[in-house]
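Descriptive structure summary
Here's the letter readout for the chains.
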Amino acid sequence: QVQLVESGGGLVQPGGSLRLSCAASGRIVSFNVMSWFRQAPGKQREFIASTISGGGATYADYTDSVKGRFTISRDNAKNTVYLQMNALKPEDTAVYYCRASRGGISYWGQGTQVTVSS
């Protein structure tokens, strides 16, 4: 069993930045896919970004709406995944969730609120 705890959310003005962290109780190196999702009020949870490891390589994938603004990274030594969010927009307001996946099994964190407003 792995527990994921997100942190770093808060209130930020449009154009500002935040860095979210997702700390795992276990070794994230065993999870080949670490992802961030978000859910805005009244909307379905949506994929934001993934860091995917396999075959000795690691690459990232992003949804179009955050490409060029958000960066996902992982520190296996610290068992932590990060989401650097720049040039934030009001439409980025949501609860952000971390997910760890391996072989069809996924674990979710409880989420952290991000509010972008002036």
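Scroll up to find the structure.
Residues numbered from 1 in each chain as written. Predicted model: local features only at pLDDT ≥ 70, side-chain atom pairs only at ≥ 80, totals over all residues. Heavy atoms only, no water.

**Focus: the sheet that holds strand E7 (residues 70–75)**
Short version of the rule: The pairing criterion for strands is at least two bridges between them, as found by DSSP. Helix and strand definitions here come from DSSP, where helices need a minimum of 4 consecutive H or I residues and strands a minimum of 2 consecutive E residues; each element is numbered from the N-terminal end. For helices, the fitted axis covers only the stretch in contact; all axes are lines through C-alpha atoms, and the angles between them, taken along N-to-C directions, range from 0 to 180 degrees.
An order of E1-E3-E8-E7 is seen for the 4 strands of this open sheet, with the pairing classed as antiparallel. In this open sheet, the two strands that pair with only one neighbour each are strand E1 (4–7) and E7. On average, adjacent strands in this sheet sit at an angle of 15° to one another, irrespective of strand direction. Here 6 bridges tie E7 to strand E8 (residues 80–85), and the two strands are oriented antiparallel to one another. Bridge assignment links isoleucine 72 to a residue of E8, and that residue is leucine 83.

**So, the state of the cysteines**
Rules: In what follows, a disulfide is any cysteine sulfur pair within 2.5 Å. The cut-offs for exposure are 20% and 50% of the maximum accessible area for each residue type, with area from a 1.4 Å probe on protein chains only; residues under the lower value are buried, those over the upper are exposed, and the others partly exposed.
Following the criterion strictly, the structure yields 1 disulfide and no others. Each disulfide pairs two cysteine sulfurs, and for cysteine 22 the partner residue is cysteine 98, the sulfurs being separated by 2.1 Å. Across the disulfide from cysteine 22 to cysteine 98, rotation about the S-S bond amounts to roughly -80°, and the bridge is consequently left-handed. Of the two residues, cysteine 22 is situated in strand E3 (residues 18–24) and cysteine 98 in strand E9 (residues 94–102); the sequence distance between them amounts to 76 residues. Comparing cysteine 22 with cysteine 98 shows no difference in burial state: the two are buried.

**Quick notes on the packing of aromatic side chains**
Put simply, the test is: When the centres of two rings from Phe, Tyr and Trp lie within 6.5 Å, Trp using its six-membered ring, the rings pair. Their planes under 30 degrees apart give stacked, over 60 give edge-to-face, and anything left gives tilted. Should the NZ of a Lys or the CZ of an Arg lie within 6 Å of a ring centre and within 35 degrees of the ring normal, that charge is described as sitting over the ring.
Going through the model one piece at a time under the given rule, you end up with 3 aromatic pairs. Between phenylalanine 31 and tyrosine 107 the ring centres are 5.8 Å apart and the planes differ by 90°, which places this aromatic pair in the edge-to-face class. Of this pair, phenylalanine 31 sits in the loop between E3 and strand E4 (33–39) while tyrosine 107 sits in strand E10 (residues 105–108), and the two are 76 residues apart along the sequence. Taken as a pair, phenylalanine 31 and tyrosine 107 share a single burial class, namely buried. Ring-pair connections join several aromatic residues into one group, and the members of that group are Phe37, Phe47 and Trp108. A cation over an aromatic ring shows up here: arginine 45 above the ring of tyrosine 97, its NZ or CZ 3.7 Å from the ring centre. Between arginine 45 and the ring centre of tryptophan 108, over which it is positioned, the NZ or CZ distance is 4.7 Å.

**Here's the deal with the pattern of salt bridges**
Heads up, the rule is: Only one rule defines a salt bridge in this text: a Lys or Arg side-chain nitrogen within 4 Å of an Asp or Glu carboxyl oxygen.
Counted according to the given criterion, the structure contains 4 salt bridges. Residues glutamate 46 and arginine 38 are paired through a salt bridge, measuring 2.7 Å at the closest nitrogen-oxygen approach. Of the residues examined, arginine 38 reaches a relative accessible area of 5% and is grouped as buried. For aspartate 92, the salt bridge identified is with arginine 69, shortest N-O distance 2.8 Å. Placement of aspartate 92 in the loop between E8 and E9 and of arginine 69 in the loop between strand E6 (57–62) and E7 is noted, with a sequence separation of 23 residues between them. Take aspartate 92 and arginine 69: they sit in the same class, and that class is buried. Within this structure, Arg38, Glu46, Arg69 and Asp92 form a network of salt bridges that share partners.

Scope: geometric values only; no functional claims are made or implied.
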